[in-house]
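Coordinate analysis (summary)
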Amino acid sequence: MNEKGEVCLGVAGAGRATELHMNALKRFSGVPVCYKRIVARRPEQVNAAKVKYGFAEASLEFQDLLDDPEIDVIDICTPPYLHEKMIEEAMLAGKHVICEKPLSGYFGKKTDQKPIGLHVPKAVMYEELLASLDRLRGIVKASGKKFMYAENFVYAPAIVKAGEIIRKKKSRILFAKGEESLKGSSSPVAGEWDKTGGGTFIRTGAHPLSAILWMKRIEAEARGEEITVTSVFADMETVTKGLSEYEHRHIAANPLDVEDCGTVLLQFSDKSRAVIIATDTLLGGSKNYVEFYCNDAVINCKLTMSDLMDTYFLDEERLEDVYLSEMLPSKTGWNHPFLEDEIIRGYTDEMRDFIESVYFDREPRSGFELAYDTIKIIYAAYKSAEAGSVVRF
């Protein structure tokens, strides 16, 4: 912390993830935060972000964050292929780390045939990933610093309340189902495996997957048991490639070598099951939910679409700067606006937990092991889908 007792923050990246994190932080005033430096690759982007979010400094090099002795925490909001290297460098520089999902992935080697999503076997990717994860785990542990995994679903009020219920009732979760689906991505590299480490499932399916893994941990702790994932079976496909240009006009997914539709079945050691769905083929906004079917309860958690407010517009005149919902193609007709989006989807409590973890020297709710398990299962799912068989642990 600096001489004023503030947690000093540096941010890598100036895109959508940074916007979500910074909007959430602006709602939180419990611990003093110094917005020291933001870095990104494009001068016009990083300079605009500096002004928008109130950073003292802006630059183009990640090394500037590492070299700044005042910075306590580095928030990594870059594309996934940069995560592992940045985590390692930040930890070795003595910084606490917040990292957007996914933790890591397989992004190719110089000898790989391009595009790697079509030519590198997923079984090879899986084994390479496991080796890199174990190495990264050692670096995180040896650093003595906090690793905070930016999985907002774990902090969403509906999921948090579900966790409270499961903990108090000691309910058995017999079946869980979760989904995040959109009409694609605003990222220009979302369709390229060597930039994102996969398609819709790593990009959006990671959220409900992590929420379910976290809830099964709560169940296990409440009951004094150990519950683990024992097998993964998956189906993945690129369904939009069969569309004509005209048929594709409403969908923002442009996959080169990644999937745009995925369904994954998990089996746990207590014989319970979970299904996670992720697609880039949903029109009308975004769909985010997690459902828990228990021995003594049913708990349905809806993050979006919200029914707190309905709007109906005949045109979009003077609505250019009015945000209604994510990936909404048009504001005309009936819509369900996202209200208090940073709160409902967990970003505010996520960033509060992370800053307080540093300030009060305590462990975050979402840490390295959840990040590790999530990406391991995602790549097991890719391996399963390619082989058409179950992957067992």
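The structure under discussion appears in the preceding block.
One structure accompanies this document, and this report is about it. Predicted model, so just to flag it, every value in this text is computed and none were measured.

A word on the sheet that holds strand β7 (residues 173-181). Pairing within the open sheet is mixed, and its 7 strands lie in the order β12-β11-β7-β10-β9-β8-β15. What marks the edges here is a single partner per strand, and that holds for β12 (298-304) and β15 (391-392). Here strand β11 (residues 287-294) pairs with β12 via 6 bridges, running antiparallel. Bridge pairing in β12 places Phe292 opposite Ile299. Packing against the sheet, helix α7 (residues 157-169) makes contact with β7, β11 and β12, and its axis sits at approximately 165 degrees to β12. Against the sheet, helix α12 (residues 368-387) touches β8 (229-237), β9 (261-268) and β15, its axis set at about 60 degrees to β8.

Now for the sheet that holds strand β6 (residues 147-150). In space, the 6 strands of this open sheet follow the order β3-β2-β1-β4-β5-β6, with parallel pairing throughout. At either margin of the open sheet sits one strand with a lone partner, and together these are β3 (57-59) and β6. Strand after strand, the sheet turns through a mean of 20 degrees between neighbouring axes, direction not considered. Against the sheet, helix α4 (residues 83-92) touches β1 (7-12), β4 (73-76), β5 (96-100) and β6, its axis set at about 170 degrees to β5. In the packing of helix α11 (residues 347-359) onto the sheet, the strands contacted are β1, β2 (33-39), β4, β5 and β6, and the crossing angle to β6 comes to about 175 degrees.

Okay, the packing of helix α6 (residues 122-143) against α12 next. The interhelical angle for the contact between α6 and α12, taken along N-to-C directions, is 170 degrees, at an axis separation of 9 Å. Our classification of the angle between α6 and α12 gives roughly antiparallel. Contacts between α6 and α12 involve Lys122, Ala123, Met125, Tyr126, Glu127, Leu129, Leu130, Leu133, Asp134, Leu136, Arg137 and Val140 on the former and, on the latter, Phe368, Glu369, Tyr372, Ile375, Lys376, Tyr379, Ala380, Tyr382, Lys383 and Glu386. Residues of the contact of α6 with α12, tallied by class, amount to 14 nonpolar, no polar and 8 charged.

It is worth spelling out α4 at this point. Along α4, the positions that sit buried rather than exposed are His83, Glu84, Met86, Ile87, Ala90 and Met91. Along the long axis of α4, the arc covered by the buried residues comes to 165 degrees, so they all point the same way. Counted as exposed and oriented over 90 degrees from the buried face of α4: Lys85 and Leu92. At its buried positions, α4 is contacted by β1, α3 (63-67), β4, β5, α6 and β6. Once α4 finishes, Gly94 follows within two positions and takes phi at roughly 80 degrees, a positive value.

Within the span of helix α2 (residues 43-53), buried status applies to Val46, Ala49 and Tyr53. An end-on view of α2 places all buried positions within 60 degrees of arc, on one side of the element. Of the exposed residues in α2, those oriented more than 90 degrees away from the buried face are Glu44 and Val51. Turning to α2, the residues buried within the fold contact α1 (16-26), β2 and β3.

Attention now moves to the packing of α7 against helix α9 (residues 200-223). One way to put it is that α7 packs onto α9 with a least axis distance of 9 Å and a crossing angle of 25 degrees. Judged by the inter-axis angle, α7 sits roughly parallel to α9. Where α7 crosses over α9, the handedness of that crossing is right-handed. For the pair α7 and α9, the contacting residues are Ile159, Ala162, Gly163, Ile166 and Arg167 in the first and Ala211, Trp214, Met215, Ile218, Glu219 and Ala222 in the second.

Our focus in this paragraph is the pairing of β5. Along β5, 5 of the 5 residues are buried, which leaves the element largely enclosed by surrounding structure. The sheet contact formed by β4 and β5 spans 4 bridges and is parallel. The residue of β5 that forms the bridge with Ile76 is Cys99. The parallel pair β4 and β5 is bridged by α4, and the resulting crossover is right-handed.

This brings us to the nonpolar core. Formed by 110 residues in total, the largest nonpolar core has its most connected members in Phe147, Leu266, Phe292 and Tyr379. Beyond its immediate sequence surroundings of up to four residues, Tyr379 is in contact with Gly105, Tyr106, Met125, Tyr126, Leu129, Trp193, Gly197 and Ile202.

By convention here, two paired aromatic rings are described through the distance between centres and the angle between planes. The final tally for this structure, using the stated rule, is 11 aromatic pairs. Seen from their ring centres, Trp193 and Tyr379 are 6.3 Å apart, and the 90 degrees between their planes marks the pair as edge-to-face. Residue Trp193 is located in helix α8 (residues 193-196), and its partner Tyr379 is located in helix α12; the two are separated by 186 residues in the primary sequence. Taken as a pair, Trp193 and Tyr379 share a single burial class, namely buried. An aromatic cluster of at least three residues, connected via ring pairs, comprises Phe147, Phe368 and Tyr372. Over the face of the ring belonging to Tyr35 we find Lys26, whose NZ or CZ atom lies 4.0 Å from the ring centre. Note that Lys216 overlies the ring of Phe268, its terminal NZ or CZ placed 5.0 Å from the centroid.

How each quantity is defined
- Think of each chain on its own: its residues are numbered from 1, step by step along the sequence as written.
- Local features in a predicted model are, by the rule used here, given only for residues with pLDDT of at least 70; side-chain atom pairs are given and counted only at 80 or more, and totals for whole chains, interfaces and linings are based on all residues.
- Only hydrogens and water are set aside when side-chain values are computed; all heavy atoms of the structure are taken into account.
- Strands qualify as paired when DSSP identifies two bridges or more between them.
- The secondary structure listing takes helices from DSSP runs of H or I that are at least 4 residues long and strands from runs of E that are at least 2 residues long, numbered from the N terminus.
- Between two residues, a contact is recorded if the distance between any of their heavy atoms is within 4.5 Å.
- For helices, the axis comes from a line fit to the C-alpha atoms of the stretch in contact; other axes are also lines fit to C-alpha atoms, and the angle between any two N-to-C directions lies between 0 and 180 degrees.
- The cut-offs work like this: below 35 degrees is roughly parallel, past 145 is roughly antiparallel, 65 to 115 is roughly perpendicular, and the gaps in between are oblique.
- Polar here means any residue other than Ala, Val, Leu, Ile, Met, Phe, Trp, Tyr, Cys and Pro, which are nonpolar, and Asp, Glu, Lys and Arg, which are charged; Gly is therefore polar.
- Partly exposed describes any residue whose relative accessible area lies between the buried limit of under 20% and the exposed limit of over 50%, with all areas from a 1.4 Å probe on protein chains only and scaled to the type maximum.
- The arc under discussion is defined with respect to the helix axis, by the directions toward the C-beta atoms.
- In this scheme the handedness of a crossing depends on how the near helix is turned from the far one: anticlockwise by less than a right angle means left-handed, clockwise means right-handed.
- Handedness is read with the strands pointing away from the viewer; a crossover is right-handed when the path from the first strand over the helix to the second is clockwise.
- Among buried residues, those of type Ala, Val, Leu, Ile, Met, Phe, Trp, Tyr and Cys that are joined through side-chain atoms within 4.5 Å constitute a nonpolar core.
- Two aromatic rings, drawn from Phe, Tyr or Trp (for Trp, its six-membered ring), form a pair once their centres lie within 6.5 Å of each other, and the interplanar angle then sorts them: stacked below 30 degrees, edge-to-face above 60, tilted otherwise.
- For a ring to carry a charge above it, either NZ of a lysine or CZ of an arginine must fall within 6 Å of the ring centroid while also lying within 35 degrees of the normal to the ring plane.

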